[in-house]
Amino acid sequence: MSVNQEQRTIRCLVAKVGLDGHDRGAHVISRAFRDAGFEVIYSGLHRAPEEIVQAAVQEDVDILGISILSGAHDTLIPEIIDGLTEYDAFDDTLVIVGGIIPDEDEEELKELGVAEVFGPGASMAEMIEFVRENAPERE
Amino acid sequence: MQERSQGDDAEHRTGSPDSDGSNGPGDDSVNPLIEDLLAGKHRALARVITKIENRQPGYRELVSQLHQHTGDASVVGVTGSPGSGKSTLVDKMAATYRERGETVGVIAIDPSSPFTGGAVLGDRIRMGSNVGDMDVFFRSMSARGSLGGLSTATTDAVKALDAFGKDRIIIETVGAGQNEIDIVKTADTVTVLVPPGSGDDVQMLKAGILEIGDVFVVNKADLDGANRTVQELREMLDYRDGGLPRTVGHHGADAAGDVHGEDDGTETAGWEPTIVETVADRGEGVEELLDVLADHRAYLDRSGEREKQRRARYAEEIRTLVREDVNELLAAEIEHRGGIDSFVKQVRERETDPYAVADDVVGPIEECLSERRE
């Protein structure tokens, strides 16, 4: 293999934030992303927003997928987005959210800059397709 | 490369990052991304590493501009079998360095799938002691198909962390089996983790990973069998020095002493690999480990080994780049002349032979070079 041959790989951070101990979904998605050829960094459970920001900035991920089932999305997600903005990382990171999000909150999250919200019943294929199509173009 | 004096600092960074505007031989415009990196922007550092990993167009220019800002960081490699506690130990090492006021860069490599190229990079989960501390820059990498325990981009990524100004750089390899030893080509000091119960003394006779350690860490030293592992390692190290084992016998159980192998190494004796016992998840033995690493650094400087190590590495790096570049040049030339298949066809039809084809393709380069030399 040549040293000059470009090989771009989509990098994702799958993040569990706040007091929410359910990560089966996050595991399943990490695995599906892996099998789709992405590089997946899994945050582990009970992360604070600042940890997620630190990870997203340092790992330079294309996609930040936040899994949240606790109902605290309307406090935690804005904190993450603010943190990303502080480090100039928000513009070229695609933020997606998965979990139990009421419809009216979904609208709010999207206004904040969340690209898509995937609720129960969303299919893996659909998510992978979305990520492939919307991964930020970086020069 | 120029001959240099043995003075240890001669090769170190030639100026502080922002002391002048000129960078890289023959190119005086600094890439804005490098400017941001040198100014301490985390995002720029992260992006430079991404470009290096992806081998994006222009990454070579980036690395070449980084070069003159490197040379100050010490690079420690941590390797060992899967589950031996590398990530946990690295976390505690980073936290302890931070307590000592030093900044830390970590590169942690996990395997990638041979089928899809995908990867789950899980080392970050163990970095619990450095939450929110941006002065620990932790980056996960997948091996991207490379064997040997590192990714091909690792060495260049280390340069980026070094130029950014990290004092200590830790590379955590893929969970290694017996033969993933690429780490010796990049790290100044190699730390090999050997958990208790890693097999009997015959395992210790084997070639490979146990030959490359400057420091051995028996992690999980609170588990049964740790003393035995320490003893077997010590025996192995004594053999390695060419002598008969001095420590075979019944005094292997002095678990109180964490640091072994203090044979009062004189200047001529070379480095005696040291065994340290740790319990990484409780942070036990980490201070001792860092002290031993500092001893090894001092040894490298004192003995001139560091100088030798660096020369050998630069030489290897130059050779690799030249080889790759020439390969690429020739691949393009073959393509230009109708592709490898057309040559193959001629060879099969006995119109020509492989040697003649090779001469034919390489000949013009030889001619061109010998003309230039005159």
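A short tour of the structure in this document, coming up. This is a predicted model, so every value here is computed, not measured.

Procedures and definitions
- Residues numbered from 1 in each chain as written.
- Chains lettered and ligands numbered in written order.
- Predicted model: local features only at pLDDT ≥ 70, side-chain atom pairs only at ≥ 80, totals over all residues.
- Heavy atoms only, no water.
- Helix = DSSP H or I, 4+ residues; strand = E, 2+ residues; numbered from the N terminus.
- Buried < 20%, exposed > 50% of the residue type's maximum accessible area, 1.4 Å probe, protein only.
- Contact = heavy atoms within 4.5 Å.
- Areas by Shrake-Rupley, 256 points an atom, 1.4 Å probe, with all protein chains shown as cover.
- Core = buried A, V, L, I, M, F, W, Y, C linked by side-chain atoms within 4.5 Å.
- Phe/Tyr/Trp six-rings, centres within 6.5 Å; stacked < 30°, edge-to-face > 60°.
- Pairing = 2+ DSSP bridges.
- Axes fitted to C-alpha atoms, helices over the stretch in contact; angles between N-to-C directions.
- Parallel < 35°, antiparallel > 145°, perpendicular 65-115°, else oblique.
- Left-handed = near helix turned anticlockwise from the far one by under 90°.
- Nonpolar A, V, L, I, M, F, W, Y, C, P; charged D, E, K, R; others polar.
- Buried area = accessible area lost by both parts, 1.4 Å probe.
- Salt bridge = Lys/Arg side-chain N within 4 Å of Asp/Glu carboxyl O.
- Polar contact = N/O pair within 3.5 Å; in protein donor to acceptor, adjacent residues only side chain to side chain.

1. A short note on the overall build of chain B
Point 1. Each helix and strand counted, chain B has 10 helices and eight strands in total.
Point 2. Expressed as a percentage of the 374 residues in chain B, the buried residues total 47%.
Point 3. A separation threshold of at least 6 residues defines the contact pool for chain B, and within that pool the share at least 24 residues apart is 74%.
Point 4. For chain B, the exposed area adds up to about 18100 Å²; of that, 51% sits on carbon and sulfur atoms.

2. Re the overall build of chain A
Point 1. What chain A contains, in helices and strands, is five helices and five strands.
Point 2. For chain A, the succession of helices and strands along the chain, N to C, is β-α-β-α-β-α-β-α-β-α.
Point 3. The burial tally for chain A puts 55% of its 139 residues in the buried class.
Point 4. Of the contacts formed within chain A by residues at least 6 apart in sequence, a portion of 72% connects residues at least 24 apart.
Point 5. Summing over all exposed atoms, chain A offers an accessible surface of approximately 6300 Å²; the carbon and sulfur share of this is 49%.

3. A short note on unusual backbone geometry
Residues and elements named next belong to chain B.
Point 1. Even without a glycine there, the phi angle at Arg55 is positive, about 50°.
Point 2. Assignment of secondary structure puts Arg55 in the loop between α2 (42-54) and α3 (59-66).
Point 3. For Lys220, which is not glycine, the phi dihedral falls at a positive 60°.
Point 4. Since its relative accessible area comes to 29%, Lys220 is described here as partly exposed.

4. Description of the nonpolar core
Point 1. Ranked by internal contacts, the top residues of the largest apolar core, which has 52 residues, are Leu37, Leu45, Val48, Ile109, Phe216 and Leu233 of chain B.
Point 2. Discounting residues that sit within four places of it in the chain, Leu37 of chain B has contacts with Ala44, Leu45, Val48, Leu66, Ala160, Ala163 and Phe164 of chain B.
Point 3. In terms of nonpolar packing, the next biggest core, distinct from the first, is built from 29 residues, Leu13, Ile41, Val61 and Ile80 of chain A among them.

5. As for the packing of aromatic side chains
All names here are of chain A.
Point 1. This structure, assessed with the given rule, holds three aromatic pairs over all chains.
Point 2. Ring geometry for Phe118 against Phe130: centres 5.7 Å apart, planes inclined by 80°, an arrangement best described as edge-to-face. Remark: Phe130 occurs in helix α5 (residues 124-134) and Phe118 occurs in strand β5 (residues 116-118); sequence separation between them is 12 residues. Pair check on accessibility: Phe118 and Phe130 agree, each one buried.

6. A short note on the sheet that holds strand β4 (residues 94-99) of chain A
Point 1. Overall, parallel pairing links the six strands, which are arranged β5(A)-β4(A)-β3(A)-β1(A)-β2(A)-β3(B) in an open sheet. Since the sheet does not close on itself, it has two edges, and those belong to β5 of chain A together with β3 (119-121) of chain B, each with one partner. Strand-to-strand, the axes of this sheet are offset by a mean angle of 25°, without reference to chain direction.
Point 2. In this sheet, strand β3 (residues 63-68) of chain A lies alongside strand β1 (residues 11-16) of chain A in parallel orientation, the contact comprising five bridges. Of the residues in β3 of chain A, the one forming a bridge with Lys16 of chain A is Ser67 of chain A.
Point 3. Lying on the sheet, helix α1 (residues 24-35) of chain A is in contact with β1 and β2 (39-42) of chain A together with β3 of chain B; it crosses β2 of chain A at an angle near 160°.

7. Regarding the packing of α1 of chain A against α5 of chain A
Residue and element names in this part refer to chain A.
Point 1. The interhelical angle for the contact between α1 and α5, taken along N-to-C directions, is 60°, at an axis separation of 11 Å. Considering their axes alone, α1 and α5 lie oblique with respect to each other. The crossing of α1 and α5 is right-handed. Here Val28, Ile29, Ala32 and Phe33 of α1 come into contact with α5, specifically with Met124, Met127, Ile128 and Val131.
Point 2. The class makeup of the residues in the contact of α1 with α5 is eight nonpolar, no polar and no charged.

8. Remarks on the interface of chain A and chain B
Point 1. The interface of chain A with chain B comprises 38 residues on the first partner and 36 residues on the second.
Point 2. Carbon and sulfur atoms make up 44% of the surface buried where chain A meets chain B, a total of about 3400 Å² over both sides.
Point 3. The salt bridge involving Glu39 of chain A is made with Arg144 of chain B; its shortest N-O contact spans 2.6 Å.
Point 4. At the surface where chain A touches chain B, the tally comes to 23 residue pairs in polar contact (both at pLDDT 80 or more).
Point 5. Contributions of two or more residues to the side of chain A that touches chain B are made by α1, β2 and α2 (49-59) of chain A.
Point 6. The element contributing the most residues to the side of chain A that touches chain B is α2 of chain A, with eight residues.

9. A short note on the pairing of strand β4 (residues 136-142) of chain B
All names here are of chain B.
Point 1. In terms of burial, β4 is largely enclosed, as seven of its seven residues are buried.
Point 2. Of the two faces of β4, both are covered, the one formed by Val136, Phe138, Ser140 and Ser142 as well as the one formed by Phe137, Arg139 and Met141.
Point 3. Pairing of strand β2 (residues 104-110) with β4, which is carried by seven bridges, proceeds in the parallel orientation. Residue pairing for β4: Val106 is matched across the bridge by Phe138.

10. Considering the packing of helix α8 (residues 305-336) of chain B against helix α10 (residues 354-373) of chain B
All names here are of chain B.
Point 1. Relative orientation of the contacting elements α8 and α10 amounts to 125°, with a least axis distance of 10 Å. Between α8 and α10, the angle is such that the two are oblique. For α8 against α10, the interelement crossing comes out right-handed. Contact with α8, carried on its side by Leu329, Leu330, Glu333 and Ile334, involves Val361, Val362 and Ile365 of α10 and no other residues of that element.

Honestly, that's just the spatial picture; any functional story needs more than this.
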